[in-house]
Amino acid sequence: MSVRVVLVDDQAVVRAGFRALLDLTDDLVVVAEAADGLGAVEAVRTTRPDVVLMDIRMPGVGGIEATRRIAADRTLDAVRVIMLTTYQVDSYVFEALRHGAAGFLLKDIEPDDLRAAIRTVAGGQSLLAPAVTRSVVEEFARLKAPEAAGAELLAPLTVREREVMALVAAGLTNGEIGKELIMSPLTAKTHVSRAMTKLGARDRAQLVVIAYETGLVRAGEH
């Protein structure tokens, strides 16, 4: 089955470049383009794509606000957003992950890596390896204190779910979590899924952000 993609960037040449790359494949189809956040939200609501490639910095409504609006629309739960940025460590990336982005890509990504990333996200997985997500989150978590409401936000979680969530934030895979806590990878995955459901996290990347924001884990603690 084809993966439906919406391209969002204020530069037409950038959109054309990404479209040219995706047009070379049989399973990735560009169904719409937009030059700003407002156009992005409208295009997503009209075409219901599987994945959105969203530029972070755009005039007017930017990529972060557009991502927030898409994530807040329950009728668009199946839509996954990948942020496009020029810099690997970017404060905007942190905000994008907070608001529901599945991960981020550098604009100079290799063509094969771009296609693989879109397929990964369309399959329901987070784009970033947990350790990479952690490095981005840690960089900017240092600049702010944990939310005072952290204990209240984490209250629905069991002790085991908190342990698993902390290990997700530390960059461990389900298999590694299983070894650490003496459980099967499937059981670890179940705990991760339950924590995501209880906290309203769209994916593991957002779970990492919540772990740092609530003070469950702190920058520099592994």
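That block above? That's the structure.
Numbering of residues starts from 1 in each chain and follows the order in which that chain's sequence is written. Local features in a predicted model are, by the rule used here, given only for residues with pLDDT of at least 70; side-chain atom pairs are given and counted only at 80 or more, and totals for whole chains, interfaces and linings are based on all residues. To get the side-chain values, take all heavy atoms of the structure and skip hydrogens and water.

**Looking at the sheet that holds strand 5 (residues 103–106)**
Strands in a sheet are paired, the pairing made by backbone hydrogen bonds, and the direction either parallel or antiparallel.
Here comes step 1: Taken together, five strands build an open sheet; the order of strands is 2-1-3-4-5 and the sheet is parallel. Strands at the two margins of the open sheet, each flanked by one partner only, are strand 2 (28–34) and strand 5. Pairwise comparison of adjacent strand axes, ignoring direction, gives a mean angle of 25° for this sheet.
Here comes step 2: Every residue pair with non-hydrogen atoms within 4.5 Å of one another is taken to be in contact. Angles run from 0 to 180 degrees between N-to-C directions of axes, and those axes are lines fitted to C-alpha atoms, restricted for helices to the stretch in contact. Strands here are runs of E lasting at least two residues and helices are runs of H or I lasting at least four, both read from the DSSP assignment and numbered beginning at the N terminus. Sheet contacts for helix 2 (residues 37–47): strand 1 (3–8), strand 2 and strand 3 (51–55); angle to strand 2, the most-contacted strand, approximately 135°. Each pair of strands is called paired provided DSSP finds at least two bridges between the two strands.

**Quick notes on the pairing of strand 2**
Here comes step 1: As judged from the six bridges shared by strand 1 and strand 2, these two strands associate in the parallel manner. Looking at the pairing, V5 lines up with V30 of strand 2.
Here comes step 2: Regarding topology, helix 1 (residues 12–22) serves as the crossover connection from strand 1 to the parallel strand 2, and that connection is right-handed. When the strands point away from the viewer, a crossover counts as right-handed if the path from the first strand over the helix to the second runs clockwise.

**Section: the nonpolar core**
Here comes step 1: In plain words, nonpolar cores are sets of buried Ala, Val, Leu, Ile, Met, Phe, Trp, Tyr and Cys residues tied together by side-chain atoms within 4.5 Å. Burial here depends on accessible area, computed with a 1.4 Å probe over protein chains only, as a share of the maximum for the residue type. Under 20% is buried, over 50% is exposed, and the range in between is partly exposed. V8, V52, M54, I70 and M83 are the most contacted members of the largest nonpolar core, which has 27 residues in total.
Here comes step 2: Secondary structure elements with two or more residues in this core: strand 1, strand 2, helix 2, strand 3, helix 3 (63–72), strand 4 (80–85), helix 4 (91–98) and helix 11 (204–213).
Here comes step 3: When neighbours within four sequence positions are excluded, M83 is seen to be in contact with M54, D55, I56, G63, I64, T67, A96, A101, G103, F104 and L105.
Here comes step 4: Grouped together as the second largest cluster of nonpolar side chains are 24 residues, L172, L181, V208 and Y212 included.

**Some points on unusual backbone geometry**
Here comes step 1: Phi angles above zero are rare outside glycine, and R48 is one such case at about 50°.
Here comes step 2: You can see R48 is positioned in the loop between helix 2 and strand 3.
Here comes step 3: Not every positive phi belongs to a glycine, and I182 is a case in point at roughly 55°.
Here comes step 4: Judged by relative accessible area, which is 78%, I182 ranks as exposed.

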